[in-house]
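# Working through the structure, step by step
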Amino acid sequence: MLRPIHRWIWSDHERRVRKLLAFGEVETDGGRDILRAAEVTPDPLLRRLYLEHAIDELHHGVLFRERGAALLRARALQGGTLFNSTPLPGGHGLDDLCVANEPDDRLLAFLHVAEKAAAGRFAIYKEIVDDDPSTRAIFEEVLRDEVFHMNYTYTQLTRIAPTHYRRRVWWARASRLWKRYLRVAAGIAAVFGATVLTAMYFVLLPPFAWLAKRSELREPSGWAPISGDRRHSPSSQY
Ligand SMILES: [Fe+2]
Ligand SMILES: [Fe+2]
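Because the structure is a prediction, the values reported are computed rather than measured. (Residues numbered from 1 in each chain as written. Chains lettered and ligands numbered in written order. Predicted model: local features only at pLDDT ≥ 70, side-chain atom pairs only at ≥ 80, totals over all residues.)

## Remarks on the overall build of the chain
A tally of regular secondary structure across the chain gives seven helices and zero strands. Counting from the amino terminus, helix and strand elements in the chain follow one another as α-α-α-α-α-α-α. Residues classed as buried in the chain amount to 27% of the 238 residues present. For the chain, contacts bridging at least 24 residues in sequence account for 75% of all contacts bridging at least 6. (Helix = DSSP H or I, 4+ residues; strand = E, 2+ residues; numbered from the N terminus. Buried ≥ 20, exposed ≤ 12 C-beta atoms within 10 Å, placed from the backbone. Contact = placed C-beta atoms within 7 Å.)

In structure tokens form, the structure reads like this:
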């Protein structure tokens, strides 16, 4: 459904460079988190898989960064900040997750859902950048890895949580959806807040400024005399 929007985003050289550099960041961040997961898991098989996974993600980070930099060198990038937000909302699904405190089943469910979403996106991007064979080749390579990540996380989840793996996946999906909703809601709230404050500035402030100016004219300037029948010296400033 969003294919025309993706096509529009990727058709612009500047946006393409920003997307690639942002992917580089997301992949590297994901790689670091998964590396941490490899350090803390008590399961030896998971440790090996996490380590391979982290190496893949860090490698993806390098691929995207290098391709972004190459395109950047090919044509100087000008200013502007349109569409440089996190391209895969939630990164690897770990952005709000403290990896060190998460049990493996929860982590695997989050990873599975995020990798599946990433694989879907990369499959679309791969088709969209058909005018740029080098970027397309990167997407093809990354997509192969993401499909492997998606599958191994599910297989391992069914191994370590045979009774409740479905629940875990649904919970991860719901949580990802909720975070996405919060992101959209925060964006709308920011626009709404800025609009209301701007409107208040131009609509409410002028009458008050006008009233203040008018009452200022009625005030005598300089010292104000006090009535003569006041015998006591004032006990306070007012
Ligand atoms: Fe990746
Ligand atoms: Fe991945």
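## Some details on the packing of helix 3 (residues 44-74) against helix 5 (residues 133-160)
The geometry of helix 3 relative to helix 5 is characterised by a closest axis approach of 11 Å and an angle of 160 degrees between their N-to-C directions. It follows from the interaxial angle that helix 3 and helix 5 lie roughly antiparallel. Helix-helix and strand crossings are classified by hand; for helix 3 and helix 5 the assignment is left-handed. Counting all contacts with helix 3, which are made through L46, L49, H53, D56, H60, L63, F64 and R67, the residues of helix 5 involved are S134, T135, I138, V142, D145, H149, Y152 and Q156. For the contact of helix 3 with helix 5, the per-class residue count stands at seven nonpolar, six polar and three charged. (Axes fitted to C-alpha atoms, helices over the stretch in contact; angles between N-to-C directions. Parallel < 35°, antiparallel > 145°, perpendicular 65-115°, else oblique. Left-handed = near helix turned anticlockwise from the far one by under 90°. Nonpolar A, V, L, I, M, F, W, Y, C, P; charged D, E, K, R; others polar.)

## Quick word on the environment of H112
Among the structural elements, H112 can be located in helix 4 (residues 104-128). Overall, H112 belongs to the buried group, with 25 C-beta atoms counted inside 10 Å. As a C-alpha pair, H112 and Y154 span 42 residues in sequence and 6.0 Å in three-dimensional space. Once residues lying within four places of it in the same chain are set aside, the contact partners of H112 are M150, T153, Y154, L157 and V169.

## A word on the packing of helix 4 against helix 6 (residues 165-203)
Taken N-terminus to C-terminus, the directions of helix 4 and helix 6 make an angle of 60 degrees; their axes are 8 Å apart at the nearest point. For the element pair helix 4 / helix 6, the angle class is oblique. Relative to helix 6, helix 4 is oriented so that their crossing is right-handed. Note on element contacts: helix 6 touches helix 4 through R168, V169, W171, A172, R173 and R176, opposite D105, R106, A109, F110, H112 and V113.

## Quick look at the environment of R47
Take R47: it is sitting in helix 3. Considered as a pair, R47 and I34 are 13 residues apart in the sequence and their alpha carbons are 9.6 Å apart.

## Brief notes about helix 5
For helix 5, spanning 28 residues, the distance from its first C-alpha to its last is 41 Å, which sits close to the expected 40 Å at 1.5 Å a residue. Inspection of helix 5 places T135, I138, F139, V142, D145, E146, H149, T153, Q156 and L157 among the buried residues, and these make up the whole buried set. Residues of helix 5 that are buried make contact with helix 3, helix 4 and helix 6. (Expected span 1.5 Å × (residues − 1).)

## Observations concerning the nonpolar core
If you look at the biggest cluster of nonpolar residues, it comprises 30 residues, and the most contacted ones within it are Y50, A109, F110, V113, A114 and F139. For this core, the secondary-structure elements that each account for two or more residues are helix 2 (13-40), helix 3, helix 4, helix 5 and helix 6. Considering every element that reaches this core, the biggest residue donor is helix 4, with eleven residues. Excluding anything up to four places from it in sequence, Y50 contacts I34, A37, A38 and T41. (Core = buried A, V, L, I, M, F, W, Y, C linked by C-beta atoms within 7 Å.)

## Quick word on the confidence of the model for the chain
Confidence in the prediction of the chain, expressed as mean pLDDT, is 88, and 90% of residues score 70 or more. Contacts from residues 80-84, a stretch scored under 50 in pLDDT, to residues over four places away or in other chains number five contacts. (pLDDT = per-residue confidence, 0-100.)

## Some details on the environment of R16
Mapped onto the secondary structure, R16 falls in helix 2. The sequence separation of R16 and L71 amounts to 55 residues, and the corresponding C-alpha distance is 8.7 Å. When near neighbours in sequence (up to four residues on either side) are disregarded, R16 contacts W10 and L71.

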